[in-house]
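# What the coordinates show
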Amino acid sequence: MKPTDTSNYQHFLKVVDCQHACPAHTPVPEYIRLIAEKRYTDAYMINWQSNVFPGILGRVCDRPCEPACRRGRVEEKPVAICRLKRVAADYKEDINRYIPTTPKQKNGKRIALIGAGPASLTVARDLLPHGYDVVLYERDDKAGGMMRSQIPAFRLPETVLDEELSYILNMGVEAHFGEEISSLKNLIDSNFDAIFIGTGAPQGRWLSIKGHDKNKGEIDTGINWLSSVTFDHTTSAPKRVVVLGGGNTAMDCCRTAKRLGAEEVTVLVRSSFEAMKASPWEKEDAQAEGIEIKPNYTPLEYVFEEDKFKGVLFERVESIYDATGNRTLKETGETLLVECDQVLVAVGQDTAFPWIERDIGLRFNKWGQPALNKATLQSTIENVFFGGDAAFGPENIISAVANGHQAAISMDLFCQNKNAETERPESGFNLISQKMGIHEWSFQSKISQDKRKNVPHIEWEQAIKELNTEVELGFDEKLALEEAHRCLNCDVHTVFTESTCIECSACEDVCPMDCINFVEVDEKQKTSTEQQIKSQLRVQEINPNQDLLVSDKLKTGHLMIKDEDVCLHCGLCAERCPTGAWDMKKLTLDNIGATIK
């Protein structure tokens, strides 16, 4: 087995599972430690550097960090990372003095942004401090994109949205709201040095089943309907509403319909309840509001009687999975007619570029998405870049933010006549010892045994009556501090130095997870197979998705191997080590997506 390469940040970042899982690589343990110290403004600004919208994402993020959280290996539930992000936003001071200023002396480069969603605004935030003139075009009257049009106010209050968008818009964006771009060719001819397209996936998918051609307004796509509610074109819902689909948009539709007066709201989805794409907490909240979710039903027909809409006919199906996990639906022949007054179709979204001419050199793939260099987000027209849902189809806000950072770096390099792929800056990293005394650390190394704290809600009876009242109340300070102390500080690494190790095995003895192992190498054969070495480890199962920390050969010829997957970063090995071969060092990164040098 080769010694672990610790000369770059990749090994250490991968061990910080939450940060690694976040598309924007938000330094999660760092801002949680700051919350635990009641340094809310500092925690907010660390978030703002990477994920740009802490108050928004602290409410509506898809939370890819939480399933990765190491706390979930100690007990059932991970740290409430997302809701702690909201704590930083709720308790921060005025941050306007910390927002970067736009230099008066510009660099002479003009950037066009199409769409005012999270990806475009991230590009603006990153490029403005470097002297770029940024011109934003948005067809709606306000910024936000899908964050405004598709996320209901009871999940994301308009005041929070407006506040965080204003931080960027006030940095010096030349914004043209209510102005829709109708020709990319004309824009290219308008003397912009680079163009970023972040128009999202604005086209809802219809279900072309029998009866669809008879629709006279009883059937709508979920995103169109949510947008019409946001902009006050729709102010009420009929008595009986059926929602088709099992994602978060479907959950937003059914909960919104309930608030607009619908008495019977039913969600029907082809998959099982467990396989629904909606986040578990969204399904839980919908059910708490009295909404019925019927899994394993596929729509067959929109039923009309004497040209009057009656409802939707479904067939019950069974999900059959093969050995590779692929699902097929088995018909049962059992049908169900669900009578209703309105159907909201929330089965997916697509990109739409009718305003992009097909004869200007910009290629599209078979799904109608732009052909892009994934490393640079550069299209086949060298000064045109894409990001967010417009680039890869519908994902989530944090992925759009990550794309914005990625595209900003590419556009900056392009405008400097550099290669956006081969000359991308590397992330600098450092490991800083956290030792303050013989047995003292600059972080709380004691592992809290507390269970995850539940986020308080308003009463469900009140929630379904008020469209714009936020359902989640967020953590108060007491709950926030208790939850913050559940973090295991995964970015404070146990770092090993071979030259000072005397192989006394004290660290091996004290480790509560048995993850430190000194193993023999067969000197007769000069080498031992990886399987022979792994068989000596005390950990029962090795996670193939997480690396081992493997030392170079020690003085006896043995290897020190630490299983990074189960290490709790408790620091006991470093406290016990008599020679300081083990130390607790905090990982710091720069230029991880957002910073342009």
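Residues numbered from 1 in each chain as written. Predicted model: local features only at pLDDT ≥ 70, side-chain atom pairs only at ≥ 80, totals over all residues. Heavy atoms only, no water.

Before going further, it helps to spend a moment on the overall build of the protein chain. Broken down by element type, the protein chain carries 21 helices and 21 strands. For 597 residues, the compact-globule estimate of 2.2 N^0.38 gives 25 Å, and the protein chain sits close to it at 27 Å. If one aligns the C-alpha atoms of the protein chain with their principal axes, the spans along those axes are about 90 × 65 × 50 Å. Counting over 597 residues, the protein chain shows a buried share of 54%. Split by element, the accessible area of the protein chain, about 26800 Å² in all, is 46% carbon and sulfur. Taken as two groups, the 69 positive and 90 negative side-chain charges of the protein chain have centres that lie 2 Å from each other. (Helix = DSSP H or I, 4+ residues; strand = E, 2+ residues; numbered from the N terminus. Rg over C-alpha atoms; globule rule 2.2 N^0.38 Å. Buried < 20%, exposed > 50% of the residue type's maximum accessible area, 1.4 Å probe, protein only. Areas by Shrake-Rupley, 256 points an atom, 1.4 Å probe, with all protein chains shown as cover. Lys, Arg positive; Asp, Glu negative; His and termini not counted. Charge placed at Lys NZ, Arg CZ, Asp CG, Glu CD.)

To continue, consider the pattern of salt bridges. For the structure shown, the criterion picks out 38 salt bridges. Put simply, Asp 189 and Lys 185 hold a salt bridge, and the shortest N to O gap is 3.4 Å. For Asp 189, a relative accessible area of 54% corresponds to the exposed category. The partly exposed category is assigned to Lys 185, whose relative accessible area is 40%. (Salt bridge = Lys/Arg side-chain N within 4 Å of Asp/Glu carboxyl O.)

The next subject is the packing of aromatic side chains. Within the structure shown, the criterion is met by eight aromatic pairs. With a centroid separation of 5.8 Å and 90 degrees between ring planes, the pair formed by Phe 353 and Phe 386 is classed as edge-to-face. Remark: Phe 386 occurs in strand S15 (residues 384-386) and Phe 353 occurs in the loop between strand S14 (349-350) and S15; sequence separation between them is 33 residues. Exposure remark for Phe 386: the relative accessible area of 0% places this residue in the buried category. A network of ring pairs unites the aromatic residues Phe 353, Trp 355, Phe 364 and Phe 386 as a single cluster. Geometry around Phe 154 places Arg 259 over its ring, the cationic atom sitting 3.8 Å from the centre. (Phe/Tyr/Trp six-rings, centres within 6.5 Å; stacked < 30°, edge-to-face > 60°. Lys NZ or Arg CZ within 6 Å of the ring centre and 35° of its normal.)

Attention shifts here to the side chain of Asp 17. Examined against the element boundaries, Asp 17 turns out to sit in helix H2 (residues 17-21). By relative accessible area, which is 10% here, Asp 17 ends up buried. Contacts of Asp 17, omitting those with residues within four sequence positions, involve Ala 68, Arg 70, Arg 73 and Gln 546. (Contact = heavy atoms within 4.5 Å.)

The pairing of strands in a sheet comes from backbone hydrogen bonds and takes either a parallel or an antiparallel form. Taken in spatial order, the three strands line up as S16-S21-S17 in an open sheet, and their pairing is antiparallel. Where the open sheet ends on each side, the last strands, each with one partner, are strand S16 (428-433) and strand S17 (492-496). Strand-to-strand twist in this sheet, taken as the mean axis angle between neighbours without regard to direction, amounts to 45 degrees. The sheet contact formed by S16 and strand S21 (residues 582-590) spans six bridges and is antiparallel. (Pairing = 2+ DSSP bridges. Axes fitted to C-alpha atoms, helices over the stretch in contact; angles between N-to-C directions.)

We now examine helix H12 (residues 222-230). Looking only at H12, the buried set comprises Gly 222, Ile 223, Trp 225, Leu 226, Ser 228 and Val 229. Contacts from the buried residues of H12 go to helix H9 (146-149), strand S5 (203-204), strand S6 (219-221), helix H13 (248-259), strand S13 (342-345) and S14. Where H12 terminates, the next one or two residues include Asp 232, which has phi positive at roughly 65 degrees.

With that settled, consider the sheet that holds strand S11 (residues 308-321). The three strands lie next to each other as S10-S11-S12, forming an open sheet whose pairing is antiparallel. The strands lining the two open edges of the sheet, one partner per strand, are strand S10 (297-305) and strand S12 (327-339). Each adjacent strand pair in this sheet contributes to an overall mean axis angle of 20 degrees, direction not counted. Pairing geometry for S10 and S11, over eight bridges, is antiparallel. Considered in S11, the bridge of Val 303 is made with Gly 311.

It is worth spelling out the confidence of the model for the protein chain at this point. Averaged over all residues, the pLDDT of the protein chain is 91; the fraction at 70 or higher stands at 94%. Every residue in residues 593-597 is under pLDDT 50, and counting partners more than four places away or in other chains gives 18 contacts. (pLDDT = per-residue confidence, 0-100.)

Let us look at the nonpolar core. Core analysis: the largest hydrophobic core is formed by 82 residues, its most contacted members being Ile 32, Ile 35, Phe 53, Ile 56, Ile 81 and Ile 111. For this core, the element with the most residues is helix H16 (residues 397-415), which contributes nine residues. Residue-level mapping places this core at the junction of two domains, with at least three residues from each of domain 1 (10-97 + 428-484) and domain 2 (99-202 + 351-415). Ignoring any residue separated from it by four or fewer positions in sequence, one finds Ile 81 in contact with Cys 18, Val 28, Tyr 31, Ile 32, Cys 65, Glu 66 and Cys 69. If you look at the next biggest cluster of nonpolar residues, it comprises 23 residues, including Val 243, Leu 260, Ala 262 and Val 269. (Core = buried A, V, L, I, M, F, W, Y, C linked by side-chain atoms within 4.5 Å. Domains from an automatic or database assignment.)

By the element assignment, Thr 332 lies in strand S12. The exposure class assigned to Thr 332 is partly exposed, which follows from its relative accessible area of 30%. Taking the C-alpha atoms as reference, Thr 332 lies 7.3 Å from Glu 315; in sequence the two are 17 residues apart. One polar contact links the side chain of Thr 332 to the main-chain carbonyl oxygen of Arg 316, over a distance of 2.5 Å. Within the structure, Thr 332 has its side chain in polar contact with the backbone nitrogen of Glu 334 (distance 3.2 Å). (Polar contact = N/O pair within 3.5 Å; in protein donor to acceptor, adjacent residues only side chain to side chain.)

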